[in-house]
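Secondary and tertiary structure notes
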Amino acid sequence: MARRIVPFVRPGTSVGAGERIGMIRFGSRVDLYLPEGVRPLAAEGQTAIAGETIIADLRSNENGRGYRVG
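Residues numbered from 1 in each chain as written. Predicted model: local features only at pLDDT ≥ 70, side-chain atom pairs only at ≥ 80, totals over all residues. Heavy atoms only, no water.

Turning to the overall build of the protein, a few remarks are in order. Regarding its fold elements, the protein presents zero helices and four strands. Put simply, the protein runs from its N terminus to its C terminus through helices and strands in the order β-β-β-β. Long-range contacts, defined here as pairs at least 24 residues apart, represent 24% of the contacts in the protein between residues at least 6 apart. A total accessible area of about 6600 Å² is found for the protein, and carbon and sulfur atoms account for 51% of it. (Helix = DSSP H or I, 4+ residues; strand = E, 2+ residues; numbered from the N terminus. Contact = heavy atoms within 4.5 Å. Areas by Shrake-Rupley, 256 points an atom, 1.4 Å probe, with all protein chains shown as cover.)

All right, on to the environment of Gly37 then. For Gly37, the location among the structural elements is in the loop between strand E2 (22-24) and strand E3 (39-40). Counting along the chain gives 21 residues from Gly37 to Leu58, while the straight-line C-alpha distance between them is 8.8 Å.

Together, Ile5, Ile24, Val30, Leu32, Leu34 and Ile55 give the surface a local cluster of nonpolar side chains, amounting to about 490 Å² of exposed area. Counting through the fold element by element, Leu34 comes out in the loop between E2 and E3. (Patch = residues over 30% accessible without salt bridge, like charges linked within 9 Å, V, L, I, M, F, W, Y side chains within 5 Å. Salt bridge = Lys/Arg side-chain N within 4 Å of Asp/Glu carboxyl O.)

Honestly, it's all geometry; don't read function into it.
The structure is reproduced here in structure tokens:
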């Protein structure tokens, strides 16, 4: 659980899928659990950039996607 979360929306606001609702500040640890069968696109140890790095593809079984390191 991250303690340094900055919300972008107020309680009761309707949000759609994919909308940014907040950000976890630097220095906070995040454990991300993916459903079985979901293919991760980020490499272990890769630095993730908020709002830019795609972590996983929830549309499983789609060929041709992968991760990049660097």
